[in-house]
Amino acid sequence: MKGIHSNVKALILDFDMTLFDTRADNNVRKAKKGSEIKWDDVFAVIPEYRLYDGWREVFERAKTKGVKIAIISTAKKDLIQKTLDYFGLQCDIIVGWQRCYQKPHPHLVEMALNKLQVSKDYVISIGDSVVDMEMSQNGGVRFIGALWDSQESNDLKIGDVICSPKDILGFI
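Residues numbered from 1 in each chain as written. Predicted model: local features only at pLDDT ≥ 70, side-chain atom pairs only at ≥ 80, totals over all residues. Heavy atoms only, no water.

Asker: Please explain the packing of aromatic side chains as it appears in this structure.
Answerer: Any pair of aromatic rings gets described here by the distance separating the centres and the angle formed by the planes. Here the structure, examined in full by the defined rule, presents eight aromatic pairs. With 5.1 Å between their ring centres and 75 degrees between their planes, Tyr86 and Phe87 make a pair best called edge-to-face. Note on Phe87: relative accessible area 15%, which makes it buried. Joined through ring pairs, the aromatic side chains of Phe15, Phe20, Tyr49, Tyr86 and Phe87 make up one cluster. Lying across the ring of Phe43, Lys82 places its NZ or CZ 5.0 Å from the centre. (Phe/Tyr/Trp six-rings, centres within 6.5 Å; stacked < 30°, edge-to-face > 60°. Buried < 20%, exposed > 50% of the residue type's maximum accessible area, 1.4 Å probe, protein only. Lys NZ or Arg CZ within 6 Å of the ring centre and 35° of its normal.)

This is the structure:
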């Protein structure tokens, strides 16, 4: 891929359908209008999530190379943290659902970069949707489309794409 260099200092990852297949919670996490999400029921479904093949190796390589990992998602921060804990993964920061800012607002990327203390020139953002792509572009970071379970793969093919998380290993 043109323009992506091996001196990446941080990865920004989407949670749902990029890092984890979270379809197991479709019925419990999608509250009907006017209903509250029953978070205990959602947390109970975490063991049914599936970590996509290759991510464990990416997290291990990032740790050994000093590459920081941020997760930016519309999912609740507690859900992301509990899922990472369940699967034995660690990231540097989580920017979960925000009242004021939602994807594709660039402030989410700015928040992550400020907390990570990394210049956007050394960051790759990976996601499965157009809104992930727009957020990355709005925030000035390089975006790579994750095609492995994307519902929007044709729309992502206008830029750089990867077919497996293992494809990231060459950049870190």
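Asker: Looking at this structure, how should I read the nonpolar core?
Answerer: Note that soluble globular proteins tend to have their nonpolar side chains buried in a common cluster. Leu11, Leu13, Leu19, Trp55, Leu84 and Ile126 are the most contacted members of the largest nonpolar core, which totals 39 residues. Mapped by element, the contributors of at least two residues to this core are β1 (10-13), α2 (39-45), α3 (55-65), β4 (68-72), α4 (77-87), β6 (123-127) and β7 (142-146). For Leu84, the residues in contact, after removing those within four places along its chain, are Leu19, Phe20, Ile71, Leu89, Cys91 and Ile94. Formed by 16 residues, the second largest nonpolar core is a distinct cluster that contains Ile12, Leu108, Leu113 and Leu116. (Core = buried A, V, L, I, M, F, W, Y, C linked by side-chain atoms within 4.5 Å. Helix = DSSP H or I, 4+ residues; strand = E, 2+ residues; numbered from the N terminus. Contact = heavy atoms within 4.5 Å.)

Asker: In this structure, what is going on with the pairing of β7? I would like to understand it.
Answerer: Two faces belong to every sheet, and in a regular strand the side chains alternate between them. In terms of residue burial, β7 counts as a mostly covered element, since four of its five residues are buried. In the sheet, β6 pairs with β7 via four bridges, with the strands oriented parallel. Across the sheet, residue Ser125 finds its bridge partner in β7, namely Phe143. Two elements, β7 and strand β8 (residues 161-162), share two bridges in a ladder whose sense is parallel. By the bridge assignment, Ala146 is partnered in β8 with Ile162. (Pairing = 2+ DSSP bridges.)

Asker: Just to check I follow, could you spell out unusual backbone geometry for this structure?
Answerer: Backbone geometry follows two general trends: most residues other than glycine have a negative phi, and most peptide bonds adopt the trans configuration. The step from Lys103 to Pro104 runs through a cis peptide bond, and the omega angle for that step is 15 degrees. Despite not being glycine, Met17 shows a phi value in the positive range, around 70 degrees. Looking at where Met17 falls in the secondary structure, it is placed in the loop between β1 and β2 (20-21). Given a relative accessible area of 13%, Met17 falls into the buried group. Of note, Gln117 is a non-glycine position whose phi angle comes to about 55 degrees, a positive value. Along the chain, the position of Gln117 falls in the loop between α5 (107-116) and β6.

Asker: It is not clear to me how the side chain of Asp132 should be interpreted in this structure. Could you clarify?
Answerer: With respect to the helices and strands, Asp132 occurs in helix α6 (residues 130-139). A distance of 3.0 Å separates the side chain of Asp132 from the side chain of Ser129, its partner in a polar contact. Contact partners of Asp132, with chain neighbours within four places excluded, come to Asp14, Lys103, Gly127 and Phe143. (Polar contact = N/O pair within 3.5 Å; in protein donor to acceptor, adjacent residues only side chain to side chain.)

Spatial relationships are all this shows, so hold off on functional conclusions.
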